[in-house]
Structures are given as C-alpha cells and as structure tokens.
Amino acid sequence: MRYSLPGEATIPARGLPWHFLDYALQQEVQPAAIARGTGMPGDGGPPLPGALVSPQQCLQLLANVLRALDSADTSFMLGQHLLPGTEPALSGALRRAASLQQALEILCQWPSRLLPLLRPRLHVAGGQMVLYWVDSQGAPGLRAALVEMHMTAVVSLARWLGGRRLPWRFCFNRARPRHVEQHEVHLGGELRFDCLLDAMLLDAASLAQAWPEADPGACAASLAAASALDATPSLTDALYDYLLAEIRRNPTLEGASAAFGVSPATLKRHLARYGTHFVAELDQVRTHVALYLFQSRHAGNEAVADYLGFHDAANFRRSFKRWTGLTPALLRASLAS
C-alpha cells in the first residue's frame, strides 16, 4: 500500500506554499520572516518550477503567515483563492465541472494534489450532503485555521462557478470562538460549534444543479491528463481508508501493519510523527461511521454496535462515550435539534 510521510517532499512549491507566501507578501510581510524555519528560500521570489516541499515545511510556512499577520481573517482570506488551484489539469477540470457534485468528487479524488493538508470526504444520503474534513498531516495546532481556510475555499469555488451563494450549514469540532464575525462574513450565519467533526452540510438537490461554464468534454480531457499525476496519499489518509473498509471486521494494529507492509513498531513510529496513534485513528473512524449511521440511517444503538463489531449495545455505549464524551442518546438528541 502506497503512502507518504510528513517529512517527504510531495507538495509542489508553486502550489499551496507559494499561495501562502504570495498572500503574505501582498500584506507587506518580510519574506525572510515567512520562510523562517521552513528550509525554503527567504528572498520572496517564486519557487523554481518542479520544486517540491514537505508537508512539515508547508505547515510551518502557514504558521509563520498566521503569526506574522495576526489577523482573525487571514485563514478565510487564504481560502478565498485557494481553488481551483495551480495544477493545470485539475484546475481545468474544476473550472469545467458540470456541477457542485462533480467538483466535490474531483476534490475528494485528488486531495494530495489539490488540498494536501486537510482531506475532504463526501457522503450523500437521505437528501443531505455532508462534506467533512480529516487532518492529513498531523497539525492539531493549526486545525481551526485549516478548517476555516478549506471551508471558505469550497464556498468560494461553488459561488464562483455556480453563480450564486448556496445555503450551506457548518459544523465545527471546536468550542465556539469569542468572535464569529469572520465566519459569518465568509461562510454565512448557519454555524454550529462543539460538534464531533468539521463538516459542511447542504441539501442534496443543490449538488446536481448545472453550472453555467460546464463543459463535459473539456472536463473529461482535463481529468484524463490528470491521470498521469502522482496521487500518493499521506499515511493517515491511507490508514483512514483502510480502517473504513475494515471497520466491520474489528481492525487491529497487527492487521493494519501487515496491510501496509511494515511491522507494528514501525507503524507506531510513523503515526507518532503525525502526533497520533493507531487507537486514536480507529476511534476517529468509528465515531464518523457511528455519526453517519445515527444521522443518515436513523440506526439505534444495537444496529450501530453490531455494524462496528461490538458484542452488545452496552459495550458500544461505554466505548462511544470514551470516544466522544457523549452517550449515544445525548448525541441523537443533539442531532435531532
């Protein structure tokens, strides 16, 4: 199973890193201050064609930009022009996508090239679309800014290509900040905090509405050209996919290690580089699957416990409270409200 690690140079320097640096330069920040600690040139010039940086370098660059500007709107402003990105084939495909659904499918299919720091995952069921975000590179300290940036990017792309503002609803896996004015300006007023995941919700009917600039032929040609691009996922993204596929068979560290072709000790070391561990990743996937079953299928405790491989509902309730701090009953009441 192929995957990349956070220290490997996998991100085109003229993509996301240059986006961060260019915005900071427009705000008259000294380039040396932005490049400090990244190992990247501090002269303010664009990176060389073909140059690559690691996710760790990219995250440090973002942290420097946020620190230097020290503004509540920086993450949102970075998101405004993040998409359709700088990869010609994928950018062309997004510009000519038939609808929001196709655009989101492209984002979810090519996260390592378009959105390498935070991965979007799409669910459509029961007349509702849920686009939720999972950390790809182990950046808990930057999580709030990354979520704000990526949500703004999707909202801006949909408004630009769709020609209108959609009635998005937003969930945040964090406490409500003291000030939400920037959220309201860039995202809208439908905000909910203290949730169990970072997600964007929309009525499914909005997904298929045709976009004015749609060109199926051009989109297909761009996607065909993109097929030659490397799309190696990060280890945590690949592990999430593995756990999601195996979730009904009670996945273990030993089984995951074998699937990834490494020893359990090596997998533990790799995950530690992301600031996580196997049980935390498994609990995250179990939580997301349980949320999906509760919300979309209106499943009860017994059905969810059986789906996730628990022997009885009581054991599942105890585990769910350990994962989330909530009992399933409290969660269902929260979802219903």
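Look up a bit, the structure's there.
J.: I'd love a proper account of helix α3 (residues 55-69), names of residues and values included.
T.: Here α3 is 15 residues long and its end C-alpha atoms lie 21 Å apart, about the 21 Å a rise of 1.5 Å per residue gives. On its buried face, α3 sits against β1 (11-12), α1 (16-26), α2 (31-35), β2 (52-53), α4 (74-80) and α8 (143-162). One or two residues past the end of α3 sits Asp70, with phi positive at roughly 45°.

J.: If you had to explain the pattern of salt bridges to someone new, which residues and values would you point to?
T.: Under the criterion given, the structure shown has 10 salt bridges. A salt bridge links Asp230 to Arg2; its shortest N-O distance comes to 2.9 Å. Of this pair, Asp230 sits in the loop between α10 (216-226) and α11 (235-246) while Arg2 sits in the segment before β1, placing them 228 residues apart in sequence. For Arg2, a relative accessible area of 57% puts it in the exposed group. With a shortest N-O distance of 3.2 Å, Arg119 and Asp241 are connected by a salt bridge. Linking Arg119 in strand β3 (residues 118-125) with Asp241 in helix α11, this pair joins segments that are 122 residues apart in sequence. In the salt-bridge network here, residues are joined through shared partners; they are Arg119, Arg121 and Asp241.

J.: Outline the packing of aromatic side chains, supporting the account with residue identities and numerical values.
T.: Enumeration over the complete set of coordinates arrives at 10 aromatic pairs. Between the aromatic rings of Phe310 and Phe316, the centroid separation amounts to 5.7 Å while the plane-to-plane angle is 65°, which identifies the pairing as edge-to-face. Among the residues examined, Phe310 registers a relative accessible area of 13% and is labelled buried. Owing to a relative accessible area of 0%, Phe316 belongs among the buried residues under this scheme. A ring pair is formed by Phe316 and Trp323, whose centres lie 6.2 Å apart and whose planes are at 70°; its orientation type is edge-to-face. Here Trp323 falls in the buried class, since its relative accessible area comes to 14%.

J.: How would you explain the packing of α1 against α3 if you had to name every residue and give the values?
T.: Remark: α1 packs on α3, axes separated minimally by 9 Å, with the N-to-C direction vectors making an angle of 15°. The angle between α1 and α3 places the two elements in the roughly parallel class. When the axes of α1 and α3 are compared, the crossing they make is left-handed. Contacts between α1 and α3 involve Leu16, Pro17, Phe20, Leu21, Tyr23 and Ala24 on the former and, on the latter, Cys58, Leu61, Leu62, Val65 and Leu69. Across the contact of α1 with α3, the residue classes break down as 11 nonpolar, no polar and no charged.

J.: Explain the pairing of β3 to me, and be specific about the residues and the numbers.
T.: Here β3 pairs with strand β4 (residues 128-135) via eight bridges, running antiparallel. Its bridge partner lying in β4, His123 is registered against Val130. Linking β3 to β4, which pair antiparallel, is a turn of two residues; within it Gly126 sits at a positive phi near 60°.

J.: Give me the packing of helix α12 (residues 253-260) against helix α13 (residues 264-273): which residues, what numbers.
T.: Axes are the key here: two packed helices are described by the angle between their axes and the distance separating the axes. It is the contact of α12 with α13, at a shortest axis distance of 9 Å, that shows an interaxial angle of 90°. Relative to α13, the element α12 lies roughly perpendicular. Together, Leu253, Glu254, Ala256 and Ser257 of α12 and Pro264, Leu267 and Lys268 of α13 make up the contact between the two elements. Partitioning the contact of α12 with α13 into residue classes produces four nonpolar, one polar and two charged.

Conventions adopted
- Residues numbered from 1 in each chain as written.
- Predicted model: local features only at pLDDT ≥ 70, side-chain atom pairs only at ≥ 80, totals over all residues.
- Heavy atoms only, no water.
- Helix = DSSP H or I, 4+ residues; strand = E, 2+ residues; numbered from the N terminus.
- Expected span 1.5 Å × (residues − 1).
- Contact = heavy atoms within 4.5 Å.
- Salt bridge = Lys/Arg side-chain N within 4 Å of Asp/Glu carboxyl O.
- Buried < 20%, exposed > 50% of the residue type's maximum accessible area, 1.4 Å probe, protein only.
- Phe/Tyr/Trp six-rings, centres within 6.5 Å; stacked < 30°, edge-to-face > 60°.
- Axes fitted to C-alpha atoms, helices over the stretch in contact; angles between N-to-C directions.
- Parallel < 35°, antiparallel > 145°, perpendicular 65-115°, else oblique.
- Left-handed = near helix turned anticlockwise from the far one by under 90°.
- Nonpolar A, V, L, I, M, F, W, Y, C, P; charged D, E, K, R; others polar.
- Pairing = 2+ DSSP bridges.

Purely geometric stuff here, so don't read any function into it on its own.
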